[in-house]
Every structure is written in C-alpha cells, then in structure tokens.
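# Reading the structure
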Amino acid sequence: MGIKVKEVTPEQIEELRERFKAKYATTPPAAPFHPVDIDRIRNDHVWLKRFLEMYDLDMEVSMTKLWETCAWRQSYGANDLDESKLNQEYLKEGSVFVHSNDVDGKPLLVFRVRLHSKSKSLDELIRIVVYWVERTQREKHMTQMTIFFDMAGTGLATMDLDFVKRIVETFKMYYPNALNYILVFELAWVLNAAFKVIKALLPPKAVEILKMISKKDIGQYILKDSCLASWGGSDNYEYSFVAETKRVEASKPVASTDDDQLVLGGDKKVHFANTAPMVLKESNIGDMHTPTEGMLQLEQKEFVNFDPKNAEATVHFRSIAKVPVTFKIQTTSPEKFRVRPRCGIISPNEKAEISIWLKSEYKLRGDSKDKFLVMAMLAPGHCAGADVTDLWRNACTDGPDVEQHRLVCRFEDMTAKCSDKIASETSLGCGKDGKSDLQAQFKSLSRSVNNGNRIQYLNLLLLLVLSAAVGFLYYVHYFPGAGFGQSAAFCSAKRK
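Residues numbered from 1 in each chain as written. Predicted model: local features only at pLDDT ≥ 70, side-chain atom pairs only at ≥ 80, totals over all residues. Heavy atoms only, no water.

### Regarding the packing of helix α6 (residues 122-139) against helix α7 (residues 161-174)
The contact between α6 and α7 brings their axes to 10 Å, and the two run at 40 degrees. The orientation of α6 relative to α7 falls into the category oblique. Remark: the crossing between α6 and α7 carries right-handed chirality. Together, Leu122, Asp123, Leu125, Ile126, Val129, Val130 and Val133 of α6 and Asp162, Phe163, Arg166, Ile167, Thr170 and Phe171 of α7 make up the contact between the two elements. Of the residues that constitute the contact of α6 with α7, the class distribution is nine nonpolar, one polar and three charged. (Axes fitted to C-alpha atoms, helices over the stretch in contact; angles between N-to-C directions. Helix = DSSP H or I, 4+ residues; strand = E, 2+ residues; numbered from the N terminus. Parallel < 35°, antiparallel > 145°, perpendicular 65-115°, else oblique. Left-handed = near helix turned anticlockwise from the far one by under 90°. Contact = heavy atoms within 4.5 Å. Nonpolar A, V, L, I, M, F, W, Y, C, P; charged D, E, K, R; others polar.)

### As for the nonpolar core
Phe20, Leu109, Trp132, Phe149, Phe171 and Trp231 are the most contacted members of the largest nonpolar core, which has 81 residues in total. Ignoring any residue separated from it by four or fewer positions in sequence, one finds leucine 109 in contact with Val96, Phe97, Val98, Val129, Trp132, Val133, Met145, Thr146, Ile147, Phe148 and Phe171. Membership of the second largest hydrophobic core comes to 26 residues, among which are Leu298, Phe306, Ala311 and Phe337. (Core = buried A, V, L, I, M, F, W, Y, C linked by side-chain atoms within 4.5 Å. Buried < 20%, exposed > 50% of the residue type's maximum accessible area, 1.4 Å probe, protein only.)

### Points about the pairing of strand β14 (residues 351-358)
For β14, a buried count of six out of eight residues is recorded, marking the element as mostly surrounded by other parts of the structure. As defined by bridge partners, strand β10 (residues 312-319) adjoins β14 across seven bridges and the pair is classed as antiparallel. Across the sheet, arginine 318 pairs through a bridge with lysine 351, a residue of β14. Inspection of the sheet shows strand β12 (residues 337-340) paired to β14 by four bridges, in the antiparallel sense. In the sheet register, phenylalanine 337 faces β14, and the bridge partner there is leucine 358. (Pairing = 2+ DSSP bridges.)

### A short note on the packing of aromatic side chains
Counted under the stated rule, the structure contains 26 aromatic pairs. Here the aromatic rings of tyrosine 181 and tyrosine 221 are separated by 5.2 Å at their centres, their planes lie at 75 degrees, and the arrangement is edge-to-face. Taken together, the residues tyrosine 181 in strand β4 (residues 179-185) and tyrosine 221 in the loop between β5 (210-213) and β6 (261-263) connect sequence positions 40 residues apart. In this structure tyrosine 181 comes out as buried when scored by relative accessible area, which is 8%. Here the aromatic cluster, defined as three or more aromatic residues joined through ring pairs, consists of Trp72, Tyr76, Phe171, Tyr174 and Tyr175. In this arrangement the basic side chain of lysine 23 is found over the ring face of tryptophan 67, its NZ or CZ atom lying 4.4 Å from the centre. Against the face of tyrosine 76 rests arginine 127, its NZ or CZ located 4.8 Å from the ring centre. (Phe/Tyr/Trp six-rings, centres within 6.5 Å; stacked < 30°, edge-to-face > 60°. Lys NZ or Arg CZ within 6 Å of the ring centre and 35° of its normal.)

The following block contains the structure:
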C-alpha cells in the first residue's frame, strides 16, 4: 500500500540532484558526506524520489531534508553500521529483527514488545533498528518495509512509549516514505490510550498506513504462509541472528570522468566512488550470451523493459547455484544509463534486483542496439563484498566459467496490455498509460454483484408466487367443498 503520494517526474528528480551538487560544490559540509550517500544521489533515482514524494514535490523542503539526512547519516555512521558495533545481548534476544514479507512483498521489521524492558538503553536499541533498516535496504535496494508491532502478551510493564516515539521519529526524520504499513498486532485494550499518543506523533500521511489487526484479519496484510505460528500462520521460524553477507559498497574512490565529480571550488574536487567501468561492444555482445542457466535465473529472458512514464527498469534474478555467486552488469551505452548495483554477491536461492535508469538527456535507440549483459561466476570462498570489484576486473569475462545473459533494451508496449481488453463493464480498464483502472473495475464489479442480488431476489419472489398459485389450484381441485367453497355456499344461502 504505502502512503498516497504525488507523482514524481524524472525532471524533478534531476533538479533535486543538481541542487544538491551545486550546494555541495559551493558550501560543502564540515565533514564530507559518506561516499555511499554521494553515490546514491548521483546514480539512484529511488532515494531522491522518496524525498520528493514525502514532501509533496516541494523542492526546497526536499533539498533541506536530503541535506540534513546526509549529515545525520555521516555523524551516526549509518552506512558503516554492522553487527560488531551493536549490543550483542539486545541483538541476539530477538526483540527486533527482520523476517518474512507482507502481502506486497515488503520485508517485515518485527518488534516483539513483550521482550522489551524499560531498563534497556534506548540509544542501543535504536542503533539495532537502524542496523536492520540499513541492512535490508542494502540487500533489497532501498525497499520499503512494514513495521510489525507484535503486542501479544504485552502489558503496561513492557509498553515503553519513549522507545516507540524514538522509532517513529527516526523514520519520520531520516527515512522518508520508507514504510508500506505500520501493523499493530493484538493490542490489549488497556494500551489503547498509549497508542493514541503514538498516532498523534505520526505525519498525517503515515496515519493512513497504521492498522490495528488481530489473528482474524492479519491475512489482509500478511499471507498465512508468511505469518509466524504465534500470529496464526504456518511459519515455524525461530529467531537466530545470522550475520550479513557483505556486498559491494562505494567505499573508496577510483578514477572517474568529469561526469562523476562534484566541484568544491578551485581545483579541489571530490570523486564519486565507482565500481569497475562498464565497457561492452555491440560487435561482441552477440557472442557473449549463455543460452542455459546454471547460476542465475533471470525473470526477463530477452529484454530490459523500461517504463515509458519514468524511463526506469528493473532486472530481477535468482541464484540457482549451490554456492555464493558474484554478478556484474555491463551495457553497450554506459553514457546513457545509471545502474545500481553494478556488481555484488548473491547467496544460494537468494533473489536480487538491478535498477536501471535512462538519463533524461538520452533516448533508447529504436534499432535494439542498446543492450545489457548480466554476467555471473562462482564466488571464491574467501571473497567478501569489497573484493568483488577486483575479482571482476581480473576475470576473463569470455571464459567458460562465466555465465552471461544478453538483454535488449526496449520500452514496454502499453498498447499490447490493452489489446485483450473485453468491452464490458467488468473488464479491466486500460487508461492512456496502460495501467488498470482498479477503482473503476471495483465499482463495475460492485454494480454487477448488486444487480445479480436484485435478480436473485426477484426470482425468489416469483417462485414464491408461483408456489402459492399452484398450491391454491391444488387445494381447490381436490377439496371443492372446503375452504373457499364453503364460504361461497354460505354467502349464497344468506342471500336467499
């Protein structure tokens, strides 16, 4: 679901990016922002888009909040937060963890409130919350999350309003539009007043996604297979902390072009961090395609489908190898696209995605010459996230150990989505942008159901009338001297 937001255009995202770059060049912060955040701003539409969505496309406010968030992330060390910097007792007890997904596929950030104690350090607990958010957004590329407050068995002794306020404030100030739902499960009636206070702290938009649920209606938000057994589901998961599999991060600068720099004044420049350059030729990409899948299974077998509305595309894939696999993506037109991540490590049976944006000043070529190549090879046992760049830089990409998948860039054919539309009230409506008009469909289906109910009632009434008529005729035929016959005879005698 997520909050209701205004539509953001690529031009607005680019304007916010340019404003940030201009400010960074003219009035840089006292402490340079983290390279990962700088790389996000340069290459990632999603992060900038979230600020514009949260603040109703107000460019000034979005810019201010973006700057403040980068400053907080730098001082807090959000990008460098790992399990070694956390309170191990809090981390391993499982009062806060990420597991499973909601109905929209968004990860659940679970708070088991009954395990909380007001004697715990709030700063240490919030650090664990930030760790799980950062880790999940690294693993699933800036995905939204659903907060799940498991209130089962919670009483006044373990209900800590200050902790909940800190959670709300952290998301409100530093993670714009990062939540899909806020679910409060099995809230005891004695705590209703406490959560009214929390509700008042939420931005008006966030109130829309706050849902009080129980075992009876949890299925509306989390599928049964994804629900823990204690929530009434079939998932018997027991929390046990598993360390993060490190991926490639923009941690140290490498050589870059002028397009990869921010001028800070004079000859001083700060360089964006980049992974290995994407160099691919149209002449050789045809020979670099692996027809069979042994390591990666791609959802898109032949094409990278760009949304014509925002010029964005996502490549989804899953590891089908039995050991960790490294991947890398290259393109024939590196000047046209922003790609994130360019390479990384994926564990067995794990899913991953690569986000691609077409720069606003470029267009896709109609002759299918804009292509991407997704490559994979087995990760050495000692390989960590920071080693992947060097691993691919030294790899022989046309060797037998490298699996390759060629994808051709194209815009989604929205007219094709509407070609099978049935001209009836109950069919899916396709608008100018090819999207289903779900609201119109719902109204149409409601009308159809109501009309069907009316027809059923009329049929039932008609059946009752016919039954009464048949019964009357049967009675008159077989009992001519009784009932209505006697009444008629009595009236006749009276008249005489």
